[in-house]
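A structural walkthrough
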Amino acid sequence: MKLSRRAYTAFSAGVALAIVGCGDSGVKRHALSGSVTYQSAPVPSGTIMFQPDRGKGNSGPATVAVITGGRFETPRGKGAVKGPHTVLIQGYDGTPPTDMRPFGKPLFPDYKTEIDISSSRSDLELNVP
């Protein structure tokens, strides 16, 4: 069975949210959006996970966003908590999905970085070296 790109993106986002949890923890979340580039070009497809950095005293739920055409946006009501985060970026070439490669071929190994999310910060520019 083949899924349209939009249906597959929605399905993938739903699976990612199920992994990090969908419950309301009562903490204030901040909507995030932005761009993701690799070698100065937009990342065509992928995922980005924001995980509160417990080693730096931050806690709360993680969130996952889908990268499409170099852009991402956290799901409505499921943004990131304020404070330091570990960010995991997975980037793909966006070729038509298969059972083995839902976002296409990997562009780079999983990339981790750290950011600090403030209540006023909502539009991010993330660059994978």
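Preceding this paragraph is the structure being described.
Here's a quick rundown of the structure. (Residues numbered from 1 in each chain as written. Predicted model: local features only at pLDDT ≥ 70, side-chain atom pairs only at ≥ 80, totals over all residues. Heavy atoms only, no water.)

**Quick look at the pattern of salt bridges**
- A full pass over the atoms with the stated rule returns 2 salt bridges.
- For the salt bridge of Glu114 with Lys56, the shortest nitrogen-to-oxygen distance reads 2.8 Å. Pair noted here: Glu114 is in strand β7 (residues 111-117) and Lys56 is in the loop between β3 (45-52) and β4 (63-68), with a separation of 58 residues, a long-range link.
- Taking the shortest distance from any N to any O, the salt bridge between Arg71 and Asp123 comes out at 3.6 Å. Of this pair, Arg71 sits in strand β5 (residues 71-73) while Asp123 sits in strand β8 (residues 123-128), and the two are 52 residues apart along the sequence. (Salt bridge = Lys/Arg side-chain N within 4 Å of Asp/Glu carboxyl O. Helix = DSSP H or I, 4+ residues; strand = E, 2+ residues; numbered from the N terminus.)

**Regarding unusual backbone geometry**
- For Gln39, which is not glycine, the phi torsion reads 50° and is therefore positive.
- Tracing the backbone through its elements, the reader meets Gln39 in the loop between β1 (33-38) and β2 (41-42).
- Classification of Gln39 as exposed rests on a relative accessible area of 60%.
- At Ser40, a residue that is not glycine, the phi angle is positive and equals roughly 65°. (Buried < 20%, exposed > 50% of the residue type's maximum accessible area, 1.4 Å probe, protein only.)

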